[in-house]
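What follows is each chain in one-letter form.
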Amino acid sequence: MYRDVPPTFSLPELERRILAFWKEHDTFNKLRRKNENGPRWSFIDGPITANNLMGVHHAWGRTYKDAYQRYHSMLGQHLRYQNGFDCQGLWVEVEVEKELGFKSKRDIEEYGIDRFVEACKARVIKFSKRQAEQSIRLGYWMDWDNSYYTMSDENNYTIWHFLKKCHDRGFIYAGHDVMPWCPRCGTAISDQEIVTEGYQELTHTSVTAKFPLVGRPGESLLVWTTTPWTLTANVAAAVHPELTYLAVKQGDETFYLAKACAERTLKNEYAVLRELPGSELLGWAYSGPFDELPPVAGVEHRVIAWDEVTEEEGTGIVHIAPGCGKEDFALGKQFSLAVIAPIDENGLFAEDFGPFAGKHASHVPEDVFASLKNKGRLYRTQKYSHRYPVCWRCKTELLFRLVDEWFIDMSTLRYEIMEVTKRITWMPSYGLDHELDWLKNMGDWCISKKRFWGLALPIYPCQKCGNVDVIGSETELEQRAIEGWEQFAGHSPHRPWVDAVKIGCSKCGSPVSRIKDVGNPWLDAGIVPYSTLNYRHDREYWNNWFPAEFITESLQGQFRNWFYSLLAMSTVMENREPFKRVLGHAQVRDLKGEEMHKSKGNAIWFDDAAEKMGAETMRWLYCRQNPYTNLNFGYEAAEEPLRHLTTLWNTYKFFVTYAKIDGFVPGSSPVPYDRLDRMDRWILARLNQLIADARRAFDGFSVMNFVHAAERFIDDLSNWYVRRCRDRFRQADQAGDPAAYETLYTVLSTTVRLLAPVIPMFAEELYQNLVAWREGEPESVHLTPYPEETPEWEDAALVADMALVRNVVEIALAARNAAKIKVRQPLAVMTVVTDPSAIKTLEMNRQVIAEELNVKRIVFTDSAEGLTTRVAKPVFRALGPRFGKDANAVGNILRALDQDTLARIAAGETVTIPVNGKHEQISSELVEVVTASPQGMSVISDKQVTVALDTNLSDELVDEGFAREIVNKIQNMRKEADFNVSDRITVGYSVSPRLARAIDSCRTYIMKETLARELVPLEGEWEHRSEWSVNGEPAELGVRRTTQSGLANGGGMQDGRT
RNA sequence: GGGGAUAUAGCUCAGUUGGUUUUAGAGCGUCCGCCUGAUAAGCGGGAGGUCGGUGGUUCGAGUCCACCUAUCCCCA
């Protein structure tokens, strides 16, 4: 039987209770067993980085994942429920370095790569455990003992398989490029890493140097740079061919620079010798700033053309060092320039750089300036502030360095991927354009990183013959190994163990070592639809589950990360789409709409939010949100979702309270549909709509639409159905109406099933008390099938009728408000003016309307005579086609028509009206006649309905008004005195004569409403008493219990009610 | 520089193929009033908008087109 429902609930407490219940009853595994022969529904989880605790933003995607999976489970489908953890990559290394207090790669090497890699593994294991606990706390059902880890052998070896396929098609190559480089970490920093928090406002000393022109004695180019150390690698100077340059004279020297830069750059007086276009400078040779350094000796320096040169800063002549800048490097390729790379991975100059040898690039500006000055090449130095890239973890200024990296050639592959991409349903739809744009424009995929913890790239370049071998599996490695296998055997394919293995070159047989690089971590995540579905060992299983029906992740960055790597890898593997549909969602922001950052202090940890607002509130918030717009998250934002849960809770509590009192057992005396009350049939029709909305929303992966519909439904249920039907449950001396009980029971038990995917714990709580204890019912809401529509319940007309009724009530309440008459004060007559068909509907609900509005009598009429005037509304949709340009003028004429004419049109007549000298036939198709404009009564209208209240109060009405006030006061006192709902009481009163008269005349009514046995003078002992002003009349009231009954109120259900 | 998105009330957003709204809506917030023995609820009303700007198409534009501006995302 039902447990008592406490008046309030604590979500965290409720949630922990349900989580314990699921654990105790092994509910999740029961669900899996129930569905194991059902149709498969394949979902693939994008792995979460197992490197830290979860923030609230992680819960958005995870809520979607859980909700859609639960929905499909309730459809009886068979799911894999595999969660994923992303394990490898620099972000883990960074945290472990922090833990160990390391400052550079050398610290790691001294500590031992093996110990370091083990520490990385340990960190991942630790946080994957914590994240699993947190996810469980969210109510997220996954097969937590069977999560996949991207560091697993299988994942790594399946990537090898992929790389081998790439290599077979000739896509893998070693390239070198200039990359942003952190000299402290000893690694390249990718553009993505810079974009996020990789810039700082820094001040450097810029230098303007003279580049003397060869064959033009006394003439120099003026060249400006903010990175003096790169001058040591200068090989060219770039100008814009279409900009205007000047030759200027200062002393006995002539300088060239862009005209727009002269004023800013030149110190002291100067004389302009001539103007010339940049194109004239092209090809001029100059002597470089550091030609004395051995690596630069013999390099020819020339002026080249570059469209990107601007006059915004500098001199309009740009120093080009292909070994020290990305654009420089590209230009170098274009013009076949020499590439000079001065620094090593620690940012130190190479040995052959003379006075600079062994010095740190960031520490040499003064040496550079001194050297230039000695050679007469220094024009000036200036302080310069700019945003400069820094390492996102150690804040060291980045240098640009020429490095060797490994790439996947995208020149043809990109088009194959684009074809695969087009087969996918993208949500939002513009996701397709985004992905295609990325694929069109992306460079070759850089897959290597010079670090320790990650995929061991199975690339073996032969130093002797230059052949490159790529190993495709662990067995191939074993077969090809010629030394070191023993050291490796038994270890995961990670550094340093795998590095011990040498293979024989397939061309020349020489021993070859693996490159030291580890892989790009998106390789790890992109292979998941293959590695986790056992592609290498059980192709049938893979076939059964591939491709995924659905994936969902944050939109942020995934076009170039996970979505991209999934698509790229699956195209190479099988030329098939790895998922059929993707739902992307936007970002979680703080309440002000600003990005959350740990450092900013506005980030919210998942654990805190779960304990403060409850996981279910979070889930509701996420599910009701438009996935494509950012969600401004905060504790205030949680209040609204919580209110909907509260309303549902109160409805549930109401039901349980009275069902217990009346001993109602669902199904014990079923009421056939055609014997139900109109209200019952209405709420069932609404429920039917909600079921349809829910299924449509879940099937279309738009859970938002369902939650919005559910919010409206819960409101209808609580604030209309239950409120209107309260008396059918709460009867003074007999049991409530079985039809009402059966209906409310059906609605509540169905609603919790509908909501189960969204709020699994809250729904379970209600289900347990409403349904689970009954014979033959599933023990968990999640073991029930998702509700289906009941054709019998459908009644669109009734739903529309009820909307009309509620509309009339709303308008009438507004009329009361306008007349400043409380609802507790009964009124004699209300007149409702509307069309005949609406009157028919309203007639059937006369009782409801009268009760809601507390009026004695309602008059329905379709004639607004004396209450309203008629107003013409031109129908421009019809007027436009007929009158063209004159439509507006005709509209004005129609608006000016007199009341009689309007009345005739309203009655269906066609009238003839002069328009611009012509006589036009006007009927109701061209002008709509509506009623409006009240005349001196309490009258309010909207489109369809006009309501007029008679505000005259007779003595009897005033008496009743007093009586209702008294009832209200007594009820409040019962509540304050903490009486039981069913306690019978005695009421004592001491009031003004006017009030006494009212109490006398309404004695029975007051006693019935307050469960009072007697109304007596206020003498003697009272459990609770207080003084009141009742509509201005003084009154003192007291209450005490005559019987102290428990909640049980008489026997079981009684048939029939008065 | 290229691609994509957005621009409507203090905040967050709806607004369906242009037309029953000439008086542009909701929620939140705010102010006033009301209702309530299931209610951490609910109801009515007030204040608050030149629908980013300009031009165009049309009898008619928040809605369609062009340009501009601003913000965001992706790429270069």
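We now turn to the structure provided with this report.

So, how was this worked out
- Residues numbered from 1 in each chain as written.
- Chains lettered and ligands numbered in written order.
- Predicted model: local features only at pLDDT ≥ 70, side-chain atom pairs only at ≥ 80, totals over all residues.
- Heavy atoms only, no water.
- Near = heavy atom within 4 Å.
- Polar contact = N/O pair within 3.5 Å; in protein donor to acceptor, adjacent residues only side chain to side chain.
- Helix = DSSP H or I, 4+ residues; strand = E, 2+ residues; numbered from the N terminus.
- Expected span 1.5 Å × (residues − 1).
- Buried < 20%, exposed > 50% of the residue type's maximum accessible area, 1.4 Å probe, protein only.
- Contact = heavy atoms within 4.5 Å.

Describing the protein's contact with RNA strand B
Part 1: If you check the shell around RNA strand B, you find 50 residues, and the closest are Arg560, Ser718, Arg824, Arg895 and Arg974.
Part 2: When the atoms of RNA strand B within 4 Å of the protein are grouped by moiety, sugar and phosphate amount to 59% of the total.
Part 3: Contacts to RNA strand B include threonine 8, whose side-chain N or O atom sits 3.1 Å from a base nitrogen.
Part 4: Taken together, the elements giving at least two residues each to the surface near RNA strand B come down to helix H14 (430-441), helix H23 (639-662), helix H25 (703-729), helix H28 (796-819), helix H31 (876-883), helix H32 (887-895) and helix H34 (955-976).
Part 5: Among the elements that make up the surface near RNA strand B, the one with the highest residue count is H23 (nine residues).

Comments concerning helix H7 (residues 153-168)
Part 1: Here H7 spans 22 Å end to end across 16 residues, near enough to the 22 Å set by a 1.5 Å rise per residue.
Part 2: Of all the residues in H7, the buried ones are Asn155, Asn156, Tyr157, Thr158, Ile159, Trp160, Phe162, Leu163 and Cys166.
Part 3: With its phi angle positive at about 80°, glycine 170 sits one or two positions after the end of H7.

Brief notes about unusual backbone geometry
Part 1: That bond from methionine 427 to proline 428 is cis: its omega, 5°, falls within 30 degrees of zero.
Part 2: Examined against the element boundaries, proline 428 turns out to sit in the loop between strand E17 (425-427) and H14.
Part 3: For the bond running from arginine 495 to proline 496, omega is 0°, close enough to zero to count as cis.
Part 4: Structurally, the position occupied by proline 496 is in the loop between helix H16 (485-488) and strand E23 (502-504).
Part 5: Although it is not a glycine, asparagine 534 sits at a positive phi angle of roughly 60°.
Part 6: Tracing the chain through its elements places asparagine 534 in the loop between helix H18 (528-531) and helix H19 (539-545).

Side note on the side chain of glutamate 711
Part 1: Turning to its location among the elements, glutamate 711 is positioned in helix H25.
Part 2: At a separation of 2.9 Å, a polar atom in the side chain of glutamate 711 contacts the side chain of tryptophan 620.
Part 3: Among all residues touching glutamate 711, those that are not within four sequence positions of it are Trp620, Arg624 and His644.

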